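The chain contents come next:
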Amino acid sequence: MSTAKVESVKISLGNFLRSDNLTANPIAKPLIALIENISQSCQMISKAVNQGALDNILGSAGSGNIQGETQQKLDILANDMLIQANESSGLLAAMASEELDTIHVIPEHLQQGDYLLLFDPLDGSSNIDVNVSIGTIFSILKKPQQDIPITESDFLQAGYQQVAAGYALYGPQTILVLTTGNGVQMFTLDRHQATFFLTRSAVKIPVDTKEFAINMSNMRHWAKPIQQYVSECLAGTTGPLQKDFNMRWVASMVADVHRILTRGGIFMYPWDQREPNKPGKLRLMYEANPMSFLIEQAGGASINGQEHILQIQPKQLHERVSVILGSKNEVDRVLAYHQSF
Ligand code: AHG
Ligand code: MN
Ligand code: MN
């Protein structure tokens, strides 16, 4: 018996953004153009990542960022690619990056737009040289009305005000994951056609999980609620959670969050007492807010221990935050542990 081969119609990122199924919540044309522009920057970064040692782009750049972290050559390269590719788009008023000390306002001789773009150009820097998945995380805000000139304070908007957020994961495949407030979609890069195609739509995170992600080497430094929760995960069926847990820690937030969006889990980078005055390691504006928007759009939850990350009013551009996100029932449990201590 012969069967006819059914060719499934592939939907490109651009066609998806313009598609009819979004008419209930249509995306503004300039925002579509901006997302396409960002996706092209991510393709360029993906190419550079693929070349690696062949193009002499691995290793340290010998400089540091405002957080005091050593910059890798790829951190700087990805940052420059994003700025160059988006500065002349006419869609942005300014950009902010984990790798820049302050905001990058679009120069006066170029056309200005209504959006603010924030990014972690290369997430998972410690994995670059060992050929493990890394990524780019981005967040898009609307410029406050009539605020000219743009200043850092225009960027200090709570996460729920993001109009879009996403990341590109440079792994075995390059995958772009996106939300514009209408669920979460995943697009895989077809290198032959230089186009991202829709490969998963309406992503939903299971509410329950048996998989946690945390850097266990910091256990002795954590606060009591996190110590209790992780101890209970380790106790498995013999403990109060009554299930055996698995553990994963890639040390690239993009890869850990991607796994959670794909099959559930809980990710934690909590406050710890090594540097008690810092709320956490991860950055609110470049990492926590965009990832929290994606996680909540996929039915998960994201907190700093006490409150939902998307509700936090930022006070500084480079603010850090404690992050606990993923499958809703487990995140709610960690929230309750924080409330009971
Ligand atoms: P970045 O490379 O942008 O500085 O971010 C790294 C972050 C995050 O991706 C990851 O979850 C975490 O740092 C890993 O930290 P540890 O090395 O302390 O585990
Ligand atoms: Mn990062
Ligand atoms: Mn980074």
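Residues numbered from 1 in each chain as written. Chains lettered and ligands numbered in written order. Predicted model: local features only at pLDDT ≥ 70, side-chain atom pairs only at ≥ 80, totals over all residues. Heavy atoms only, no water.

### Overview of the coordination of the manganese ion (ligand 2)
Here is the rule we go by: Ligating atoms shown are N, O and S within 2.8 Å of the metal, or 3.2 Å for Na, K and Ca, and water is not included, meaning a site may look less than complete. We count a stretch as a helix when DSSP gives it H or I for four or more residues in a row; a strand needs E for two or more, and each element gets its number in order from the N terminus. Only protein chains enter the accessibility calculation, which uses a 1.4 Å probe; a residue whose area is less than 20% of its type maximum is buried, one above 50% is exposed, and one in between is partly exposed.
The coordination sphere of the manganese ion (ligand 2) contains the protein donors Asp 120 (OD), Asp 123 (OD) and Glu 287 (OE), at a distance range of 1.8 to 2.1 Å. Here the manganese ion (ligand 2) and the manganese ion (ligand 3) are spaced 3.7 Å apart, linked through Asp 120, which binds each one. One end of the pair, Asp 123, is in strand S5 (residues 115-123); the other, Glu 287, is in helix H6 (residues 284-297), with 164 residues separating them in the sequence. Given a relative accessible area of 1%, Glu 287 falls into the buried group.

### Looking at the domain arrangement of the chain
Put simply, the rule is: For every domain, the bounds stem from an assignment made automatically or drawn from a database. We call two residues contacting when some pair of their heavy atoms lies within 4.5 Å. We define buried area as the total accessible area lost by two parts upon association, computed with a 1.4 Å probe and summed across both. By definition here, a salt bridge exists when the distance from a side-chain nitrogen of Lys or Arg to a carboxyl oxygen of Asp or Glu is within 4 Å. What qualifies as a polar contact is a pair of N or O atoms within 3.5 Å, subject to a donor-acceptor requirement within protein and to the restriction that residues adjacent in sequence count only when both atoms come from side chains. Basically, the charged four are Asp, Glu, Lys and Arg, the nonpolar ten are Ala, Val, Leu, Ile, Met, Phe, Trp, Tyr, Cys and Pro, and anything else, Gly included, counts as polar.
According to the domain assignment, the chain contains domain 1 (4-201) and domain 2 (211-340). Between the C-alpha centres of domain 1 and domain 2 there is a distance of 24 Å. Counting from both sides, the interface comprises 51 residues of domain 1 and, opposite them, 31 residues of domain 2. With both chains or domains summed, domain 1 and domain 2 bury close to 3000 Å², and 61% of this area falls on carbon and sulfur atoms. Among the residues domain 1 hides against domain 2, the three largest losses belong to Gln 67, Leu 156 and Tyr 167. Together they make up 20% of the total. At the boundary of domain 1 and domain 2, one finds three salt bridges. Here Glu 69 makes a salt bridge to Arg 320, at a shortest N to O gap of 4.0 Å. Linking domain 1 with domain 2 are 18 residue pairs in polar contact (both at pLDDT 80 or more). When residues of the side of domain 1 that touches domain 2 are traced back to their parent elements, those giving at least two are strand S3 (92-97), S5, strand S6 (134-142), strand S7 (164-170), strand S8 (174-179) and strand S9 (184-190). When grouped by side-chain class, the residues that make up the side of domain 1 that touches domain 2 number 25 nonpolar, 19 polar and seven charged.

### A short note on the packing of helix H5 (residues 253-263) against H6
Between two packed helices, the angle of one axis relative to the other and the distance separating the axes together describe the packing. We count it as follows: Convention adopted: a line fitted to C-alpha atoms gives each axis, helices being fitted over their contacting stretch, and angles between N-to-C directions are expressed from 0 to 180 degrees. Our angle categories are set so that under 35 degrees counts as roughly parallel, over 145 as roughly antiparallel, 65 to 115 as roughly perpendicular, and the remainder as oblique.
Axis separation between H5 and H6 bottoms out at 11 Å; the angle between their running directions is 10 degrees. Here H5 is positioned roughly parallel relative to H6, judged by the angle of their axes. Residues Met 253, Val 254, Val 257, Ile 260 and Leu 261 of H5 touch H6, and the partners they reach there are Glu 287, Met 291, Leu 294 and Ile 295. Class assignment for the residues of the contact of H5 with H6 results in eight nonpolar, no polar and one charged.

### So, the site of ligand 1
In plain terms, the rule: Put simply, a residue is near a molecule or strand once any heavy atom of it comes within 4 Å of that molecule or strand. With residues, only the protein chains shown are counted as cover, and all accessible areas are computed by Shrake-Rupley using a 1.4 Å probe. The distinction between a cavity and a pocket rests on a 1 Å grid over the protein atoms alone: a 1.4 Å probe fits inside a cavity but cannot get out, while a pocket stays open yet meets protein on both sides within 12 Å along at least five of seven lines, and a residue with an atom within 4 Å of a point counts as lining. What decides whether a molecule sits in a cavity or pocket is whether more than half of its atoms lie within 2 Å of the grid points.
Residues in contact with ligand 1 amount to 17 residues; listed here are only the nearest, Asp 123, Ser 125, Asn 215, Met 253 and Tyr 269. The contact in question runs from an oxygen atom of ligand 1 to an N or O atom on the side chain of Asn 215, over 2.8 Å. Protein chains shield 86% of the accessible area of ligand 1, which is 470 Å² for the free molecule. When atom positions are compared with the pocket grids, ligand 1 is found to occupy the largest pocket. Per-element accounting of the shell around ligand 1 gives the leading share, three residues, to S5. By residue class, the composition of the shell around ligand 1 is seven nonpolar, four polar and six charged. Inspection of the shell around ligand 1 shows a minimum of three residues originating in each of domain 1 (4-201) and domain 2 (211-340).

### Quick word on the nonpolar core
Put simply, the test is: Among the buried residues, those of types Ala, Val, Leu, Ile, Met, Phe, Trp, Tyr and Cys that are joined through side-chain atoms within 4.5 Å form a nonpolar core.
The biggest cluster of nonpolar side chains holds 42 residues, and the ones touching the most others in it are Phe 155, Tyr 167, Leu 261, Phe 267, Met 291, Val 323 and Leu 325. Looking at this core element by element, the count peaks at seven residues for H6. Mapped onto the domain boundaries, this core takes at least three residues apiece from domain 1 (4-201) and domain 2 (211-340). The next biggest cluster of nonpolar side chains, apart from the first, holds 40 residues, and it includes Ile 35, Cys 42, Ile 45 and Ala 164.

### Here we look at helix H4 (residues 224-235)
Residues that lie three or four places apart on an α-helix share one face, since the helix turns once every 3.6 residues. Just so we agree on the cut-off: Given the number of residues in a helix, its expected span is that number minus one, multiplied by 1.5 Å. The directions from the helix axis to the C-beta atoms form the arc being described.
With twelve residues, H4 should cover 16 Å at 1.5 Å per step; its first-to-last C-alpha distance of 16 Å lies within 8% of that length. Turning to H4, its buried residues are Pro 225, Ile 226, Tyr 229, Val 230, Glu 232 and Cys 233. Taken down its axis, H4 places every buried residue within 155 degrees of arc, on the same side. Exposed residues pointing more than 90 degrees away from the buried face of H4 are listed as Lys 224 and Leu 234. On its buried face, H4 sits against strand S11 (211-213), strand S13 (266-269), strand S17 (323-326) and helix H7 (328-340).

### Quick notes on helix H3 (residues 73-87)
For H3, built from 15 residues, the straight-helix expectation of 21 Å at 1.5 Å per residue is met to within 8% by its first-to-last C-alpha distance of 21 Å. Within the sequence span of H3, burial applies to Leu 74, Asp 75, Ala 78, Asn 79, Met 81, Leu 82, Ile 83, Asn 86 and Glu 87. Summarising the contacts, the buried residues of H3 are in contact with helix H2 (29-51), strand S2 (70-72), S3, strand S4 (104-105), S5 and S6.

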